[in-house]
Amino acid sequence: VSFRRTERDAAVAMVKLVLFVAGESPNSVAALANLHRAIELEGSERFELEIVDVFERADRALAEHVLVTPTLIRIVPPSVRRLVGDLSATIELYAFLRPRTLSH
Amino acid sequence: MSTRPALLSPTGIAGLDDILRGGLPTGRATIVAGGPGAGKSILAMQFLVNGAARFGEPGVMVSFEESESSMRANFSTLDWPFDEALGKHLVVIDGRLPEDTVDAGTFDLRGLIAILDGLVKSHGAKRIVLDGLDGLFVYARDEAISRREVRRLLNWLAASDLTAIVTVKAPGGAGGLEPYLEFTQFAADGVVNLGYHLTERLLYRTLQVVKMRGASFVSGEHAFVISRQGLAFAYADAAKASMQVSSEHHATGIERLDRMLRGGYRQGTVTLISGPPGTSKTTLAGAFLAAGCERNQSGLFVGFDEPVEQVFMDLRSVGLRLGDFHAAGCLAAASFNAGFASADEHFLAIVRLIELHRPQLLVIDPLSAFEKAGGNRIADIVSERLVNFIKARGITAVFTAVTDSDLGERESSSSRVSTIADNWIHVSFAVRHGERNRALTIVKARGTGHSNQMRELILSDGGLDLKDVYYAQGDVLLGTARLEKEHQEAAEERLRDVDARRALALLDERYRVLEAQLELTRSELSAAAEERRQMELHVAAADLARADDQAELLASRRADPEPQTVAVTAAKGTSS
């Protein structure tokens, strides 16, 4: 499911994210809420977010080696780093969402 | 958990299924604990590979310690159908977090569980291994989270139909788990400890089944070795062993000796032939094989430090045509260089030969070669295991042992084997008046009214024979009986000396039996102490669980009237 998609400024600042969640588990619910809030503050038009439920797409979890939930992966700009946890660690989350300012 | 008798899933590991009385309880989890290098991963992987290759049960391996490629590399060096099994019947997962993972809050292992759920369904897996569960601690910064996630995995296993092995490192050796992992010993259906200690210069590995819910097992420490074939246990089921012993006898190859032993070597027994070099021990053992081959029985000759061809040529000079029997295929033969490998490795090589040729008769010449390969204690252990192994298969065996002098300083492996062997024949030289004669004595022959008299052993082109010895003035006269009376006193003293040494040997044996009984009682005592300690922990864990339940009850009572509050809190992202 992809949403909050906008073509404007895509060439320069587009950030594509995939958040792996485990159904409605507390950590996953919290991560989704924390991520939405951060995206709103950062400018939602810059972000493309896909949410994958590991229980529905075990194949994708396996392909991306997602052992723990929640896991946030950045596809564009590509990064080998990934964030794990409920994204309550604000500094790590914002650094991850601003790849150009903080060389993440 | 119920305690109904469980179905069993065989591990396919030689001897271990006997110890487990069939295998691991199907659909349940067994914890395998041990120090680093104790063989946990190999045991677990062997269980999976055998499951996939031999029992039609696909498996999944999750390692919390190794990458997929290093697992492949490690296991491909073993003589298993590992590569063939990989893919369709065996899936390997790296359970470690990717290196570039940044911690940003609380997380759980639901991702792994989803992956495993998916793999189990798509591959129809029946077996699973979680290898190095303690590696989870690296993820979860504290013990409470580790404990919670370990519990999550164990609960998932319990709810599944998978037969599981979960390996856990025990830094304090067998049984000494990290405190936060101790509960796993109670949560799991089975607990197996692996350990090792250094004996002489060799590793002596042991396995102990601590518990196995709903299934029986053989208690105590079981020795095993690790080779390219994986783990192998020298365990021989005592019940099986006793079933294999029959009242049938095998010819010794010397008619007179058959009579002395009341029919020959009983089937399924072990006979030790000891004596100093040159006393025809190999010839006696060879005569037994030749007699068996003439009666269409299959034999196996295992020699040390002398090529088989050389042994056969020597035996031809006394009319024993082992070379012909070997060529005809009823006699298998192999020889090893004692110093080239450890006693354990020799043991395994012999076990493999036995499995390959399935002989009815076996000769090891000499068994004392084990000592060259690792020292006295390990030789004792290995010899004992070998005796158990061949007895369990109903093989009739003759071992030779080189001693330095007449019933004097025996090498320890022969002295140990002399205790567990059913028959013990000693051959010695009697030098007198320029004649050097061989004297044969049956020191013991279990379950037979054997003759205790000394006989003279005669070797000729026609073969072997025993002749009565003559007594004169209380001495045993060998050879031409030209003993002169002027040596009477000296001769009498010699006989007394021989008798005393024999009595000493028997006392030694009695002492060892008592010592073994004492050791058994000691280990029973420590097992009882361990059981008590575990029960204490169990009671403590039960108390804790009750406290948890109470806390949960209180929490739910508070939450009931206002479910909205909970949802709002969660949405604010402050949960867990």
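Quantities reported herein were computed from a predicted structural model and do not represent experimental measurements.

Engineer: It is not clear to me how the packing of helix α2 (residues 26-42) of chain A against helix α4 (residues 90-97) of chain A should be interpreted in this structure. Could you clarify?
Structural biologist: Each pair of packed helices can be described by the angle between their axes along with the distance between the axes. All names here are of chain A. Running from N to C, α2 and α4 cross one another at 50 degrees; their axes reach a closest spacing of 11 Å. One element, α2, and the other, α4, form an angle in the oblique class. In the packing of α2 onto α4, the handedness of the crossing is right-handed. Residues Asn34, Leu35, Ala38, Leu41 and Glu42 of α2 form the contact with α4, whose participating residues are Leu93, Tyr94 and Leu97.

Engineer: What is the right way to read the interface of chain A and chain B from this model?
Structural biologist: Often the size quoted for an interface is simply the accessible area lost on bringing the parts together. Taken together, the contacts link 31 residues of chain A with 31 residues of chain B. Here chain A and chain B share an interface that buries about 2500 Å² over both sides, 64% of which is from carbon and sulfur atoms. At the junction of chain A with chain B, the criterion picks out zero salt bridges. Scanning the region where chain A abuts chain B turns up 13 residue pairs in polar contact (both at pLDDT 80 or more). Those elements giving two or more residues to the side of chain A that touches chain B turn out to be α2, α3 (58-63) and β5 (82-84) of chain A. When residues in the side of chain A that touches chain B are grouped by element, the largest group, seven residues, is from α2 of chain A.

Engineer: Sorry, what's going on with α4 of chain A here?
Structural biologist: Spacing of three or four residues puts side chains on the same side of an α-helix, whose turn is 3.6 residues. Of the positions making up α4 of chain A, those classed as buried are Leu93, Tyr94, Ala95, Phe96 and Leu97 of chain A. Where α4 of chain A is buried, its residues touch β2 (15-21), α2, β3 (47-53), β4 (71-76) and β5 of chain A.

Engineer: What am I meant to see in the nonpolar core here?
Structural biologist: Note on soluble globular proteins: their nonpolar side chains tend to be buried together. Core analysis: the biggest nonpolar cluster contains 50 residues, and Phe64, Ile128, Leu130, Leu133, Leu153 and Leu157 of chain B have the highest contact counts within it. Sorting the residues of this core by element identifies β2 of chain A together with β3 (29-34), β4 (59-63), β5 (90-94), α5 (110-123), β7 (127-131), α6 (143-159) and β8 (163-169) of chain B as the ones contributing at least two each. The element best represented in this core is α5 of chain B, accounting for seven residues. In contact with leucine 133 of chain B, other than residues within four places in its own chain, are Phe64, Val150, Leu153, Val166, Thr167 and Val168 of chain B. Core analysis: the second largest hydrophobic core is formed by 38 residues, Ala343, Phe347, Ile350 and Ala369 of chain B among them.

Engineer: Any chance you could explain the environment of valine 91 of chain B here in plain terms?
Structural biologist: Residues and elements named next belong to chain B. If you trace the backbone, valine 91 turns up in strand β5. Residues valine 91 and glycine 59 lie 32 residues apart in sequence; the distance between their C-alpha atoms is 6.5 Å. When near neighbours in sequence (up to four residues on either side) are disregarded, valine 91 contacts Gly59, Val60, Met61, Leu119 and His123.

Engineer: Help me understand the packing of α5 of chain B against α6 of chain B in this model?
Structural biologist: Residues and elements named next belong to chain B. The interhelical angle for the contact between α5 and α6, taken along N-to-C directions, is 20 degrees, at an axis separation of 10 Å. Taken together, α5 and α6 sit at an angle that is classed as roughly parallel. Along this stretch, α5 crosses α6, giving a crossing that reads as right-handed. The residues of α6 that touch α5, namely those facing Arg110, Leu112, Ile113, Leu116, Asp117 and Val120, are Arg152, Leu153 and Trp156. Split by residue class, the contact of α5 with α6 holds six nonpolar, no polar and three charged.

Engineer: Looking at this structure, I do not really get the confidence of the model for chain A. What am I missing?
Structural biologist: Close reading of the predicted structure is inappropriate where its pLDDT is low. Mean pLDDT over chain A works out to 85, with 83% of the residues at or above the 70 mark. Here residues 1-12 of chain A is modelled with pLDDT under 50, and outside its nearest four sequence neighbours on either side it reaches 19 contacts, counting other chains as well.

Each value, and the rule that gives it
Residues numbered from 1 in each chain as written. Chains lettered and ligands numbered in written order. Predicted model: local features only at pLDDT ≥ 70, side-chain atom pairs only at ≥ 80, totals over all residues. Heavy atoms only, no water. Axes fitted to C-alpha atoms, helices over the stretch in contact; angles between N-to-C directions. Helix = DSSP H or I, 4+ residues; strand = E, 2+ residues; numbered from the N terminus. Parallel < 35°, antiparallel > 145°, perpendicular 65-115°, else oblique. Left-handed = near helix turned anticlockwise from the far one by under 90°. Contact = heavy atoms within 4.5 Å. Buried area = accessible area lost by both parts, 1.4 Å probe. Salt bridge = Lys/Arg side-chain N within 4 Å of Asp/Glu carboxyl O. Polar contact = N/O pair within 3.5 Å; in protein donor to acceptor, adjacent residues only side chain to side chain. Buried < 20%, exposed > 50% of the residue type's maximum accessible area, 1.4 Å probe, protein only. Core = buried A, V, L, I, M, F, W, Y, C linked by side-chain atoms within 4.5 Å. Nonpolar A, V, L, I, M, F, W, Y, C, P; charged D, E, K, R; others polar. pLDDT = per-residue confidence, 0-100.

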